[in-house]
Amino acid sequence: MSSTFMGLSIATRGLYSSQAGLSVTSNNISNTNTEGYSRQTVAQTSVSTPASTSGGVIIGGGSEVTSVERIRQASLDNQYWRANTSLGEWEVKADALTEIETVFSDSTDDGFSTVMNDFYDALEELSNNASDTSVRTSVEAAANSLCEYLNNAAAQLEMIRDDLNTSVKTTVDQINSYAQQIAKLNDQIQQATAGGATANELEDQRTLLLDKLSGLVDISVSETVVGTNPDGTVNTILNVTVNGSTLVSGDKARQLECTSDSDGLYQIQWQDTGEAFEPDSGALKGYLDIRDGAGGSEYKGIPYYLSQLDEFARTFAEAFNEGIYADGNTYYAGHAGGYSSDGSTGIRFFTYDDCSSEDFMNSGSDTESRYANITAANISVALDIQEDVGKIAASSSAGQADNSENIADLIELCQDSQMFNKGTPEDFMNSIISTLGTSSSYAQRLADNKSTIANNIDERRTSVSGVSADEETANLTKYQQAYNSSALLVTTWNEIYQTTIDMVNE
């Protein structure tokens, strides 16, 4: 037997359902441009009321909204996080290597080719005018420029390394912050769903944080069922792991911390266990690879390029001073084997930290240990020559002011492809630049590729979760018409009831 007011009840349910649909549609439209927002839909079902019958026929009880669902495809989120992690790593490497390339740029007036050519030109001029003091001064100035080029290159690499070191700390702080925010949202979502409420907006905020976190470090996201909600749905908690270790579990977040080593470089470890943390991917790995990569089995980062510059400075200085090449054999007498204007000999042209030739010779017990002190950062012209250009050993014999045979040997030495195992000084430097260029191009190519993949996945996510203005406009019309129809039903049933009441009262 149907209720007397069943019709009004059905009409009222229709009003409520349509009103809910209009509210959800309005919310979607309002959040069209909200970052991370997932469109929502009304889950509407018909109300079954078996007791409502008329003439033996069961009549439905109208409609009701059972939930407001958040449209999301978990598999696409997982794909995006994996792609975004790789993108984060290669974007960092591509940017850092591009910055390192500017250090070795040869397009400026003080680039390597320019300073080397100036040095060779000055030596050539000296070989023609060995007794000319102004020419000797030009050689000393050109040599200083060469040393300053190496000093500046090393200093710039160290500055980039310091910046990367700061980025490591900043990134760890970001990871910790995101982990804490995700744990807090987990708690809020847990409380909301346990009370029977929806938490769609909170879940959107959490997904947005996971997007950002995935760019920094390789994450794995899973959900664990912990019970049942009042509405019968399963109650889950979200877990985030990094390198197989838990970062977030429900409302608990672990923290990473940075400690400084003897060089002031940040090392990363788990705060609660002290276990070292080494990321597999993400921006954090990119920063660490460039900051620490020494080549060989490791990535070719700043330590690798610094070591190459050091090798250049050390080998060139040893060859110029002693005539000893990279293979350890002696081919020329070197600057030390020549004679200066005052007849002195044994003077080393290149030392380090502006020390004198004598101090340099006293800095080690043998040739190897002395030259081990020279780096790209500290190579300099010997103090003896800075104070007196007459100390430049142009002559092959004492007491011959116009003799420039030793300078001629030094010029040959500088152009000898045997000086470096890889060729001339220019060949060696070009090999560094070539290696850097190849690595930079590869990193940029991978960054572009990963960006394309991540963008494609994100577009697919947006096609599923994003708000479509056309679709929402259609929904707006649909729910408005339904609401108007339900309102008309309410009016109709009121009139029917009023007529019925009037008939009873007559």
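Just above sits the structure.
Residues numbered from 1 in each chain as written. Predicted model: local features only at pLDDT ≥ 70, side-chain atom pairs only at ≥ 80, totals over all residues. Heavy atoms only, no water.

(A) Molecular detail of the nonpolar core. Formed by 107 residues in total, the largest nonpolar core has its most connected members in Phe 104, Phe 119, Phe 316, Phe 349 and Phe 350. The leading source of residues in this core is helix α4 (residues 133–194), at 21 residues. (Core = buried A, V, L, I, M, F, W, Y, C linked by side-chain atoms within 4.5 Å. Buried < 20%, exposed > 50% of the residue type's maximum accessible area, 1.4 Å probe, protein only. Helix = DSSP H or I, 4+ residues; strand = E, 2+ residues; numbered from the N terminus.)

(B) Inspection of the packing of aromatic side chains at higher detail. For the structure on display, the rule yields 25 aromatic pairs. Look at Phe 112 and Phe 312: their rings are 5.5 Å apart centre to centre, the planes differ by 80°, and that puts the pair in the edge-to-face class. Here Phe 312 lies in helix α7 (residues 302–322) and Phe 112 lies in helix α3 (residues 112–128), a separation of 200 residues in the sequence. Each member of the pair, Phe 112 together with Phe 312, is buried. Relative to Phe 350, the ring of Phe 349 lies with its centre 4.8 Å away and its plane at 65°, an arrangement referred to as edge-to-face. Residue classification places Phe 349 among the buried residues on the basis of a relative accessible area of 1%. Relative accessible area serves as the criterion here: at 0%, Phe 350 is assigned to the buried category. The structure contains a cluster of three or more aromatic residues connected by ring pairs, namely Phe 112, Phe 119, Tyr 120, Tyr 149, Phe 312, Phe 316, Phe 320, Phe 349, Phe 350, Phe 420 and Phe 428. (Phe/Tyr/Trp six-rings, centres within 6.5 Å; stacked < 30°, edge-to-face > 60°.)

(C) Representation of the layout of surface pockets in the model. Approximately 1,000 Å³ is the volume found for the largest pocket. In this structure, the largest pocket is lined by 35 residues; those nearest its centre are Arg 70, Asn 200, Glu 203, Arg 206 and Glu 223. (1 Å grid on protein atoms, 1.4 Å probe; cavity = no way out; pocket = protein on both sides within 12 Å on 5 of 7 lines; lining within 4 Å. Points joined across faces, edges and corners; volume = space filled by probe spheres on them.)

(D) Expanded view of the pairing of strand β7 (residues 245–249). Of the pairings in the sheet, the one linking strand β6 (residues 234–242) to β7 comprises 4 bridges and is antiparallel in character. In the strand pairing of β7, Val 242 is matched with Ser 245. Linking β6 to β7, which pair antiparallel, is a turn of 2 residues; within it Asn 243 sits at a positive phi near 55°. Pairing of β7 with strand β8 (residues 252–253) involves 2 bridges; the strand directions are antiparallel. When the sheet's bridge partners are listed, Ser 249 is paired in β8 with Lys 252. Hairpin remark: β7 followed by β8, antiparallel, with 2 residues in the connecting loop; positive phi at Gly 250, about 60°. (Pairing = 2+ DSSP bridges.)

(E) Region of the structure containing unusual backbone geometry. Phi at Asn 243 is positive, roughly 55°, even though this residue is not glycine. Positionally, Asn 243 belongs in the loop between β6 and β7. The phi angle at Asp 354 is positive, at roughly 60°, despite the residue not being glycine. For Asp 354, a relative accessible area of 43% corresponds to the partly exposed category.

(F) Layout of the sheet that holds strand β5 (residues 219–228). On the basis of which strands lie adjacent, the open sheet formed by 4 strands has the order β5-β6-β7-β8 and antiparallel pairing. Every interior strand has two partners, whereas the edge strands, β5 and β8, have only one. Judged from the 9 bridges that link them, β5 and β6 form a sheet pairing that is antiparallel. Looking at β6, one finds that Ser 222 is bridged to Asn 239.

(G) Region of interest: a negative patch on the surface. A grouping of Glu 91, Asp 95, Glu 99, Glu 158, Asp 162, Asp 163, Asp 263 and Asp 448 is seen on the molecular surface, where their side chains present a negatively charged patch. Listing elements by their share of the negative patch, those giving two or more residues are α2 (74–103) and α4. Among the structural elements, Asp 263 can be located in the loop between β9 (256–260) and β10 (266–270). (Patch = residues over 30% accessible without salt bridge, like charges linked within 9 Å, V, L, I, M, F, W, Y side chains within 5 Å. Areas by Shrake-Rupley, 256 points an atom, 1.4 Å probe, with all protein chains shown as cover. Salt bridge = Lys/Arg side-chain N within 4 Å of Asp/Glu carboxyl O. Lys, Arg positive; Asp, Glu negative; His and termini not counted. Charge placed at Lys NZ, Arg CZ, Asp CG, Glu CD.)

(H) View of the environment of Gln 308. With respect to the secondary-structure elements, Gln 308 resides in helix α7. According to the relative accessible area criterion, Gln 308 is buried, its value standing at 8%. Measuring from C-alpha to C-alpha, the distance between Gln 308 and Glu 158 comes to 14 Å, with 150 residues separating the pair along the chain.

Taken by themselves, the reported measurements are silent on function.
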